[in-house]
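Structural overview for review
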Amino acid sequence: MNGVILWSDAAEQKAVIWCEDHGDLAFLSRNENAVLPDTYFSVGDVVEFDLQIERNLRLACNAVLINQDAGKSLCDGLNSITVHACDVANGTATVIPFPVDHPKRPVVGTLRHKQRHG
């Protein structure tokens, strides 16, 4: 799998990776990787790794640097966007309601619940 490093701590040799499958984030640490680069991964680095699932966590194993700082331009671009409080307060976004058809509950079930629980 490929991904982009979103957060990195070189001292602890840990990182969080956004995965190309848009699933849960993957966690990278020394424990799951016997070989890591001398210069630890930085935010924005694109990495290739094997994915292992352990106790509902996605762990990145055998991580290899594909492209250094490739995702950095995206991070910098998003950070450079200025959002003004008045834009948010004025409701500039259009919210489209999502209709949901809820199945009607049987009246009998409601009466039984009231009889049992007062």
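Below: a short report on this structure. Everything numeric here is computed off the predicted structure, so don't read it as measured data. (Residues numbered from 1 in each chain as written. Predicted model: local features only at pLDDT ≥ 70, side-chain atom pairs only at ≥ 80, totals over all residues. Heavy atoms only, no water.)

Moving on, we get to the overall build of the chain. Within the chain, the regular secondary structure consists of three helices and five strands. Taken from the N to the C terminus, the helices and strands of the chain come in the order β-β-β-β-β-α-α-α. When the 118 residues of the chain are sorted by exposure, 22% land in the buried category. Sequence separation of 24 or more characterises 48% of the internal contacts of the chain that already satisfy a separation of 6 or more. (Helix = DSSP H or I, 4+ residues; strand = E, 2+ residues; numbered from the N terminus. Buried < 20%, exposed > 50% of the residue type's maximum accessible area, 1.4 Å probe, protein only. Contact = heavy atoms within 4.5 Å.)

Two strands pair when backbone bridges link them, and strand S3 (residues 26–29) and strand S5 (residues 57–67) are joined in this way by two bridges, in the parallel orientation. Its bridge partner lying in S5, Phe27 is registered against Leu59. The pairing of strand S4 (residues 46–54) with S5 spans eight bridges and is antiparallel. Considered in S5, the bridge of Leu51 is made with Ala60. Between S4 and the antiparallel strand that follows it, S5, lie two residues; Arg55 among them carries a positive phi value of about 50°. (Pairing = 2+ DSSP bridges.)

Looking now at the nonpolar core. Formed by 13 residues in total, the largest nonpolar core has its most connected members in Ile5, Ile17, Leu28, Phe41 and Phe49. Elements supplying a minimum of two residues to this core: strand S2 (14–19), S3, S4 and S5. A per-element tally of this core places S2 first, with three residues. Once residues lying within four places of it in the same chain are set aside, the contact partners of Phe41 are Ile5, Ser8, Leu28, Leu36, Val47, Ala63, Val64 and Leu65. (Core = buried A, V, L, I, M, F, W, Y, C linked by side-chain atoms within 4.5 Å.)

Together, Leu6, Trp7, Trp18, Leu25, Phe27 and Leu57 line one region of the surface with nonpolar side chains, adding up to about 540 Å² of accessible area. Note that Trp7 resides in strand S1 (residues 2–9). (Patch = residues over 30% accessible without salt bridge, like charges linked within 9 Å, V, L, I, M, F, W, Y side chains within 5 Å. Areas by Shrake-Rupley, 256 points an atom, 1.4 Å probe, with all protein chains shown as cover. Salt bridge = Lys/Arg side-chain N within 4 Å of Asp/Glu carboxyl O.)

Another point: the pattern of salt bridges. Between side chains of opposite charge, pairing is possible as soon as their charged atoms come close. Per the counting criterion, the structure on display carries two salt bridges. Arg58 is the salt-bridge partner of Asp21, the closest N and O atoms lying 2.9 Å from each other. Residue Asp21 is found in the loop between S2 and S3, and its partner Arg58 is found in strand S5; the two are separated by 37 residues along the sequence. Relative accessible area serves as the criterion here: at 40%, Asp21 is assigned to the partly exposed category. According to the relative accessible area criterion, Arg58 is buried, its value standing at 11%. Among the salt bridges present, the one from Glu54 reaches Arg55, with a minimum N-O distance of 3.8 Å. Classification of Arg55 by relative accessible area gives exposed; the value is 73%.

In spatial order, the strands read S1-S2-S3-S5-S4; together these five strands close into a barrel with mixed pairing. The sheet shows a mean angle of 45° between the axes of neighbouring strands, direction not considered. (Axes fitted to C-alpha atoms, helices over the stretch in contact; angles between N-to-C directions.)

This part covers unusual backbone geometry. Not every positive phi belongs to a glycine, and His22 is a case in point at roughly 60°. Tracing the backbone shows His22 in the loop between S2 and S3.

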